[in-house]
Amino acid sequence: MLKLPQSFLFSGNGGGIIHGSTCETIVCTLAAARDKALKDIGEDKITKLVVYGSNQTHYVLQKTLKLVRISPSNFRPIAISSSADFALSPNNVRMAME
Ligand SMILES: *[C@@H]1O[C@H](CO)[C@@H](O)[C@H](O)[C@H]1NC(C)=O
C-alpha cells in the first residue's frame with residue numbers, strides 16, 4: 001500500500017513496524033528494552049530499570065512507563081538546550097548514568 005522498497009519488507013531483508021501513534025511506539029520500545037534488560041539481569045529486577053530521556057519529553061512517557069511496569073520515579077530527565085538543537089548530549093547521558 002505504501003510502496004515501500006523491498007528492503008523495508010519482511011519478505012526482503014528488512015522488517016519493520018509502522019505505529020499509529022507516538023504512545024504506541026514508546027510502549028513497544030520500552031517493552032522491548034525492558035524484556036531485553038530483564039533477560040540479562042533477571043526477571044525479578046524490574047525495580048532496577050531506569051529510563052533516560054530529555055527533560056522536554058512529553059508526559060506520555062510517564063504513562064507508558066506505568067504500562068510497562070517500570071516505575072515513573074525511575075525516569076531520569078536529562079537537560080537539553082536550544083544551542084544543541086534540543087538533542088540529548090552523549091556527555092549528559094553518560095553523566096546521568098554514572
Ligand atoms: C531542561 O533543561 C534545560 C537546561 O538545563 C533548562 O533550561 C530547562 O528549564 C529544563 N526544562 C525542564 C522542563 O526542566
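The structure we're discussing is the one just above.
Computed from a predicted structure; not experimentally measured.

**Here we look at unusual backbone geometry**
And then number 1: At Lys 3, a residue that is not glycine, the phi angle is positive and equals roughly 55°.
And then number 2: Its place among the elements puts Lys 3 in the segment before α1 (22-41).
And then number 3: Overall, Lys 3 belongs to the exposed group, its relative accessible area being 79%.
And then number 4: Positive phi is not limited to glycine here, since Asp 85 has a value of about 55°.
And then number 5: Topologically, Asp 85 is positioned in the loop between β2 (75-78) and α3 (90-97).

**Let's talk about the packing of α1 against helix α2 (residues 60-67)**
And then number 1: Where α1 contacts α2, the two axes come as close as 9 Å, and the packing angle between them is 45°. By the angle between their directions, the pair α1 and α2 is classed as oblique. For the pair α1 and α2, the sense of crossing is right-handed. The segment α1 lies against α2, with Cys 23, Ile 26, Val 27 and Leu 30 engaging Val 60, Leu 61, Thr 64, Leu 65 and Leu 67.
And then number 2: Its residues assigned to classes, the contact of α1 with α2 shows 8 nonpolar, 1 polar and no charged.

What counts, and where the lines are drawn
Residues numbered from 1 in each chain as written. Predicted model: local features only at pLDDT ≥ 70, side-chain atom pairs only at ≥ 80, totals over all residues. Heavy atoms only, no water. Helix = DSSP H or I, 4+ residues; strand = E, 2+ residues; numbered from the N terminus. Buried < 20%, exposed > 50% of the residue type's maximum accessible area, 1.4 Å probe, protein only. Axes fitted to C-alpha atoms, helices over the stretch in contact; angles between N-to-C directions. Parallel < 35°, antiparallel > 145°, perpendicular 65-115°, else oblique. Left-handed = near helix turned anticlockwise from the far one by under 90°. Contact = heavy atoms within 4.5 Å. Nonpolar A, V, L, I, M, F, W, Y, C, P; charged D, E, K, R; others polar.

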